[in-house]
Amino acid sequence: MVEMSVAGIALDAASRSPIVLLRDPSGRRQVPIWIDQAQAQNILAGLHIKEPPRPLSHDLMATLLAVGGLELTKVVIHAIEDSTFLAVLKLNDEEGEEHAIDCRPSDAIALALRTGSSLWMLEEVVGDASIPVDAEADAEEVEDFHRFVEGLSPAELIRQQGLAQPDSEPPLDDDGLD
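Residues numbered from 1 in each chain as written. Predicted model: local features only at pLDDT ≥ 70, side-chain atom pairs only at ≥ 80, totals over all residues. Heavy atoms only, no water.

Caption draft 1: Structural detail: the overall build of the protein chain. Along the backbone of the protein chain there are six helices and eight strands. Secondary structure elements of the protein chain occur, N-terminal to C-terminal, as β-β-β-α-α-β-β-β-α-β-α-β-α-α. When burial is assessed residue by residue, the protein chain has 43% of its 178 residues classed as buried. When contacts within the protein chain are restricted to residue pairs at least 6 apart in sequence, those whose partners lie at least 24 apart make up 57%. In the form shown here, the protein chain has an accessible surface area of approximately 9,800 Å², with 52% of it arising from carbon and sulfur atoms. (Helix = DSSP H or I, 4+ residues; strand = E, 2+ residues; numbered from the N terminus. Buried < 20%, exposed > 50% of the residue type's maximum accessible area, 1.4 Å probe, protein only. Contact = heavy atoms within 4.5 Å. Areas by Shrake-Rupley, 256 points an atom, 1.4 Å probe, with all protein chains shown as cover.)

Below, the structure written as structure tokens:
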């Protein structure tokens, strides 16, 4: 398994759909996962240190885990099926028993950011879905996304969310890369 970090959020140039970018420790490979607008907002909120005035959904989930005596030890993105990434939350209860809960990768990432949990991906998944990193282009895409989000009105956000397909990716080329 490879421990990944969230490199940021970018926009797909063709569809204008947000993509969460996960980067390997070497910084040379990135795995893009297409997500919807709401999930992009949740992940961005988790990336920022500043707490929102009221708890968001993933803040609530993190609090419920703590109150319930559960610790999110790690998130594992373990497979790609039909162009969809699969993930599990690895939790430990107060007795030290481990539990695995199926989860959308976007929810798992947002929750991991709030709990400070590690994010892992099977090497086979990284190998199949990764793209080479161009740090300059990445920074530009992140800025484009921030400008896009800042210009959204609530009505536009609702319209965009209706057009997005949560956690779905376009078909992969024969070589496994977009």
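Caption draft 2: Representation of the environment of Ala-129 within the structure. With respect to the secondary-structure elements, Ala-129 resides in helix α4 (residues 123-129). Accessibility expressed as a relative area gives 7% for Ala-129, which makes it buried. Each C-alpha atom of the pair Ala-129 and Ser-83 lies 9.6 Å from the other, and the pair is 46 residues apart in sequence.

Caption draft 3: The arrangement of the pairing of strand β2 (residues 18-23) in detail. Burial within β2 is extensive, with five of its six residues counted as buried. Two elements, strand β1 (residues 2-11) and β2, share six bridges in a ladder whose sense is antiparallel. Each residue of the ladder has a partner; that of Ser-5, found in β2, is Arg-23. Here β1 hands over to β2 after six residues, with Arg-16 in that stretch at a positive phi of 65°. (Pairing = 2+ DSSP bridges.)

Caption draft 4: Layout of the pattern of salt bridges. Inspection of the entire model under this criterion finds five salt bridges. Two residues, Glu-123 and Arg-29, come together in a salt bridge whose shortest N-O distance is 3.0 Å. With Glu-123 in helix α4 and Arg-29 in strand β3 (residues 29-34), this residue pair connects regions lying 94 residues apart in the sequence. With relative accessibility at 35%, the residue Glu-123 sits in the partly exposed group. Overall, Arg-29 belongs to the partly exposed group, its relative accessible area being 24%. Ionic pairing is found between Arg-114 and Asp-59, a salt bridge with its closest N-O pair at 2.7 Å. Of the two residues, Arg-114 sits in helix α3 (residues 105-115) while Asp-59 sits in helix α2 (residues 57-67), which places them 55 residues apart along the sequence. For Asp-59, a relative accessible area of 18% gives the class buried. Salt bridges sharing common partners tie together Asp-24, Arg-29 and Glu-123. (Salt bridge = Lys/Arg side-chain N within 4 Å of Asp/Glu carboxyl O.)

Caption draft 5: A look at the sheet that holds strand β8 (residues 131-132). The eight strands lie next to each other as β6-β5-β4-β7-β1-β2-β3-β8, forming an open sheet whose pairing is mixed. Strand pairing shows two members of the sheet lacking a second neighbour, β6 (98-103) and β8, which therefore form its edges. Sitting on the sheet, helix α1 (residues 37-47) touches β1 and β2, and the angle it makes with β1 is about 120°. (Axes fitted to C-alpha atoms, helices over the stretch in contact; angles between N-to-C directions.)

That is the geometry; function is a separate question.
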